[in-house]
Amino acid sequence: MSVFEKIQNLDRRIIFVTVALAVILPLFFPLKLPVDITAPVQQLYDVIEDLPEGSVVLISIDYDPSGAPELDPATWSVMRHCFSRNHKIFVMGLWATGVPLGMRALETVGAGEYNKEYGIDYVDFGYIPGGAIALVNLGRDVHDVCREDVYGTAVDEIPMMKSIKSADAFGLVLSMSMGVPGSDQWILYYHARYRGNLATAQTAIGAPKYYQYLQTGQLVGLIGGMKGAAEYERLVNKYGLATIGMDSQSIAHLLIIAFIVLGNVIYWMEKRRKN
Amino acid sequence: MTSGVWVWIAGALTLAIYSFLYKDNPFYKVAEYIFVGLSAGYWAVYLFWNFAYPNLFQPLFSEGNYWNIIPLALGFMMFTQLSRRSAWLVRFPLTFVLGVSLGLQLIAAVEGDVVPQLAGTFEPFSRGALFNTYDFWTSIGYIVLLVGVLSTLVYFFFSREHKGVFGGIARTGVFYLMIAFGASFGYTVMARVSLLFGRVHFIFHDWLHIIR
Amino acid sequence: MRLRIPLAIIFVMGIFTIVSHFIPAQPVADLNQTFRNWYIGIISFFIFLGTVNLARSNSEKIKTRARDWKYSIILIISLAVMLVAGFYKGRTSMEEGNPFMYLYFNVQYPLESTMYSLLAFFITSAAFRAFRARNREAVLLLVAAVLVMLGRVPIGAAMWDGFPDVTEWIMSFPNAAAKRGIRLGIDLGLISMALRMILGIERSYMQ
């Protein structure tokens, strides 16, 4: 077996160890590289900045624990921004497995950091079943879809809900999404009927698909992956997991590019040798 | 909520899953089956409290809305699948559900996708103000966008052989698809590394307290 | 009857849903909303059936001592524990501080996120072994991937401050173009299939 073949057949566990080191080492030896701000994230930030004080922002938690490392930082940063501008937050979700994540975010940011009051400054309706169908109903009659909040309180007993009846009440709808049901359904079933400002935070896998909707104006902003969350953390000046993760992300990306280049160099040299 | 013995449980389960990287083993299998069972139980709980109870049982038994017997009956017909003799009854709830969702999907596809997407493709060229309204690279970008959308659509038209000028346009579509797939690969790598970072941070910060 | 009534149901519901979108009258909109609420109620049974099937198939495995049957016991126990935790205090079982939430954050959360994070290792290994620039298309794919991977991390911007802008341009124009073409193709296919099913031409779903 030639040297090239030996490298090509490298035990994959060696590759696994290098990937692990690429992610772990920057935690101990941080690079602290600055995070640049991209236009889609800046656009969303500007929309929230320009909303009149006291506007209602709907945040839909459409993800589960497998999307949390990317979307939790985005959710928390957006909530911080909204609360700092005295906007009200209406939380719901199309994923049952995302409900505790939304509850934790509101507890930590709303009640913990900004001393906001449940029922007056924010409300959580948890899991709304039905996916796209529920969104069609939601825009028409919020009280019919959200009959009880996540704690079992009837919607009519929640002070904040007196002025929220239909899609017109929301200054911005933000879908924190990682699949179906998610941003696709918000765009096709909600925004197509009820218009208004719609934005999305996506896991990195889904983000490339939504640039086409940014271009048409169907989305007013897009936070893509952990990098997008790190950008928003920088904009609200409160650094968290996403910013810390950028160093590991950088080194891991360089490592993977190096592996791809090495694999191709070996492939071509082996091909030339055989010819 | 993650503290004390619970964080050690979380840590142990994390390592059990990562043990798969060495090779498949009983610790990984146990963790995997716990996850499947727990997830199924979690969904069943939410299904009842958020789905069935407020939409079916509460309107019927608490509010006296007897029309709700219809969806309840259709729902129970779903279980007829479990017996071969009565399995045909599942067609009733299935066709109801399909009828509603297909009707909505059709409208959504036209109203939410086809019309706005086509409009967005051609709109920058309206009023002939491309290079006046947008900067140079954005204007080039819109030309690239238009060519890309049309050539990609041509590529997916398999009813005609991809030869000559038609084939050339389809080939251009392939190049656009390769760029899009490459970009998606880059983002996929980013997503997976982010997830790994999340777990690594948990291990060294939340569990072992090695980093602050 | 076994065929005609279901075909009539899908036809009536499909046409009503489409036509009612263009009729703003309150009674029609209310009826539409009612049908959508019924849809949501019925869908819950679809998903519940999945849970029932899971329990059934694993119980069969235990009964017949099939391969890995001992792990099926663990699955059934986990399912039962979560059900008990979710129901013993009624609706409030799902509030913070309850066993249901402890199980979610300390068992389900780490298991799920760790399982998906495994893919970071496998994608690297696969990229090393299989990502080859064999032809022009593959080179294009590779170049786009590398540019995006560099442009989307701070170290790329540190190497050359043009990387983020190049990446943004790629995502906004050629990437968006291809994604839009794919999307339009899917939509046209979806419209065609929806019409075929509503009109009863396509019946394969009834097998």
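Every residue gets a number counted from 1 within its own chain, in the order that chain's sequence is written. Each chain takes a letter, starting from A, and each ligand takes a number, starting from 1, following the order in which they are written. In keeping with the model being predicted, local features are shown solely for residues with a pLDDT of at least 70 and side-chain atom pairs are shown and tallied solely at 80 or more, while totals for entire chains, interfaces and linings include all residues.

Undergrad: So, the overall build of chain A: which residues are in play, and what are the values?
TA: Only DSSP runs of H or I with at least four residues qualify as helices, and only runs of E with at least two residues qualify as strands; both kinds are numbered from the N terminus onward. Assigned secondary structure in chain A consists of 11 helices and 6 strands. The buried share among the 275 residues of chain A stands at 59%. At a minimum sequence separation of 6, the contacts of chain A that also span at least 24 residues come to 74%. Here a residue counts as buried when 20 or more other C-beta atoms sit within 10 Å of its C-beta, as exposed when there are 12 or fewer, and as partly exposed otherwise, the C-beta atoms being derived from the backbone. Our contact criterion uses C-beta atoms placed from the backbone: two residues qualify when those atoms are within 7 Å.

Undergrad: An account of the overall build of chain C is needed here, citing residue identities and associated values.
TA: Within chain C, the secondary structure is distributed over 8 helices and 0 strands. Here chain C, with 207 residues, has 41% of them falling under the buried criterion. Residue pairs at least 24 apart in sequence account for 20% of intrachain contacts in chain C once pairs closer than 6 positions are excluded.

Undergrad: Provide a residue-level description of helix α4 (residues 68–84) of chain A, including the pertinent values.
TA: Multiplying one less than the number of residues by 1.5 Å gives the expected span of a helix. Its 17 residues place the ends of α4(A) 23 Å apart at the C-alpha level, agreeing with the 24 Å of an ideal helix rising 1.5 Å per residue. Among the 17 residues that make up α4(A), 16 are buried, leaving the element largely enclosed by the rest of the structure.

Undergrad: Can you break down the sheet that holds strand β3 (residues 122–127) of chain A residue by residue, with the values?
TA: Strand pairs in the sheet, formed through backbone hydrogen bonds, run parallel or antiparallel to each other. Residue and element names in this part refer to chain A. Pairing between two strands is assigned when DSSP locates at least 2 bridges connecting them. The strand order β3-β2-β1-β4-β5-β6 describes an open sheet built from 6 strands, whose pairing is parallel. Lying at the two open borders of the sheet, with one neighbouring strand each, are β3 and β6 (222–224). Strand-to-strand, the axes of this sheet are offset by a mean angle of 15 degrees, without reference to chain direction. Here helix α10 (residues 225–236) sits on the sheet in contact with β5 (198–202) and β6, set at roughly 120 degrees to β6. For helices, the fitted line uses only the C-alpha atoms of the stretch in contact; every axis is such a line through C-alpha atoms, and the angle between N-to-C directions lies from 0 to 180 degrees.

Undergrad: Tell me what's going on with the domain arrangement of chain A, and back it up with residues and numbers.
TA: An automatic or database domain assignment supplies the start and end points of every domain. On domain assignment, one finds that chain A holds domain 1 (3–30 + 248–274) and domain 2 (39–239). For domain 1 of chain A and domain 2 of chain A, the distance between their C-alpha centres works out to 39 Å.

Undergrad: Tell me about the packing of helix α6 (residues 136–155) of chain B against helix α7 (residues 164–207) of chain B, residues and numbers included.
TA: Residues and elements named next belong to chain B. Following both chains from N to C, one finds α6 and α7 inclined at 110 degrees, their axes separated by 7 Å at the closest point. As far as their axial angle goes, α7 and α6 are roughly perpendicular. In this structure, the crossing between α6 and α7 has a hand that is left-handed. Across from Val147, Gly148, Ser151, Thr152, Val154 and Tyr155 in α6, the residues of α7 making contact are Phe166, Ile169, Ala170, Thr172, Gly173, Val174, Tyr176 and Leu177. When its residues are assigned to classes, the contact of α6 with α7 shows 9 nonpolar, 5 polar and no charged. Here roughly perpendicular refers to angles of 65 to 115 degrees, roughly parallel to angles under 35, roughly antiparallel to angles over 145, and oblique to all remaining angles. By definition, any crossing whose near helix is turned counterclockwise from its far helix by less than a right angle is left-handed, and any crossing with a clockwise turn is right-handed. Under the scheme applied, nonpolar residues are Ala, Val, Leu, Ile, Met, Phe, Trp, Tyr, Cys and Pro; charged residues are Asp, Glu, Lys and Arg; polar residues are all the others, including Gly.

Undergrad: Tell me about the interface of chain A and chain B, residues and numbers included.
TA: Where interface size is quoted, it is often the accessible area lost as the parts come together. Contact residues are listed per partner, giving 43 residues for chain A and 35 residues for chain B. Looking at the side of chain A that touches chain B, the elements with two or more residues in it are α2 (12–28), α4, β3, α6 (132–140), α8 (183–194), α9 (211–216), α10 and α11 (241–274) of chain A. Examining the composition of the side of chain A that touches chain B, we find that 7 residues originate from one element, α11(A), more than from any other.

Undergrad: Any details on the pairing of strand β4 (residues 170–177) of chain A? Residues and values, ideally.
TA: All names here are of chain A. Burial within β4 is extensive, with 8 of its 8 residues counted as buried. Direction of pairing for β4 relative to β5: parallel, over a ladder of 5 bridges. Its bridge partner being in β5, Ser175 is matched across the sheet by Thr200. Handedness of a crossover is defined as follows: with both strands directed away from the viewer, a clockwise route from the first strand across the helix to the second makes it right-handed. Viewed along the sheet, the connection from β4 through α8 into β5 turns out right-handed.

Undergrad: Quick rundown of the interface of chain C and chain B? Include the residues and the values.
TA: Each partner contributes to the interface: chain C provides 97 residues, whereas chain B provides 94 residues. Of all the elements in the fold, those that place two or more residues in the side of chain C that touches chain B are α1 (4–20), α2 (26–63), α3 (69–87), α4 (99–117), α5 (119–130), α6 (136–151) and α8 (163–198) of chain C. Considering each element in turn, the side of chain C that touches chain B owes the most residues, 23 residues, to α8(C). The class makeup of the residues in the side of chain C that touches chain B is 68 nonpolar, 18 polar and 11 charged.

Undergrad: Describe the domain arrangement of chain C, listing the residues and the values that go with them.
TA: The assigned domain composition of chain C is domain 1 (4–66) and domain 2 (131–198). A C-alpha centroid distance of 36 Å is found between domain 1 of chain C and domain 2 of chain C.

Undergrad: Give a detailed account of the nonpolar core, specifying residues and quantitative values.
TA: Ile59(A), Val91(A), Leu174(A), Tyr189(A), Ile179(B) and Ala144(C) are the most contacted members of the largest nonpolar core, which has 200 residues in total. For this core, the element with the most residues is α7(B), which contributes 18 residues. Discounting chain neighbours no more than four positions away, the residues touching Ile179(B) are Leu140(C), Ala144(C), Ile170(C), Pro174(C), Asn175(C) and Ala178(C). For this entry, the nonpolar core is defined as buried Ala, Val, Leu, Ile, Met, Phe, Trp, Tyr and Cys residues connected by C-beta atoms within 7 Å.

Undergrad: So what about α11(A)? Which residues, and what values?
TA: Given a rise of 1.5 Å per residue, 34 residues ought to cover 50 Å, and the 49 Å separating the end C-alpha atoms of α11(A) matches this to within 8%. In this scheme, the bend at a residue equals the angle between the axes fitted to the seven residues that finish there and the seven that begin there. Its maximal kink placed at Asp247(A), α11(A) deviates by approximately 30 degrees.

Undergrad: Any details on the environment of Gly151(C)? Residues and values, ideally.
TA: All names here are of chain C. Locating Gly151 in the fold gives a position in helix α6. C-beta crowding within 10 Å serves as the criterion here: with 26 such atoms nearby, Gly151 is assigned to the buried category. With near-sequence residues (within four places) excluded, Gly151 lies in contact with Gly156, Phe163, Pro164, Val166 and Thr167.

Undergrad: Quick one: what's the story with unusual backbone geometry, residue by residue and with numbers?
TA: Note that the residue after Val180(A), namely Pro181(A), is joined by a cis bond; omega there is -5 degrees. Along the chain, Pro181(A) turns up in the loop between β4 and α8. For Arg65(C), which is not glycine, the phi torsion reads 50 degrees and is therefore positive. Tracing the sequence through the fold places Arg65(C) in the loop between α2 and α3.

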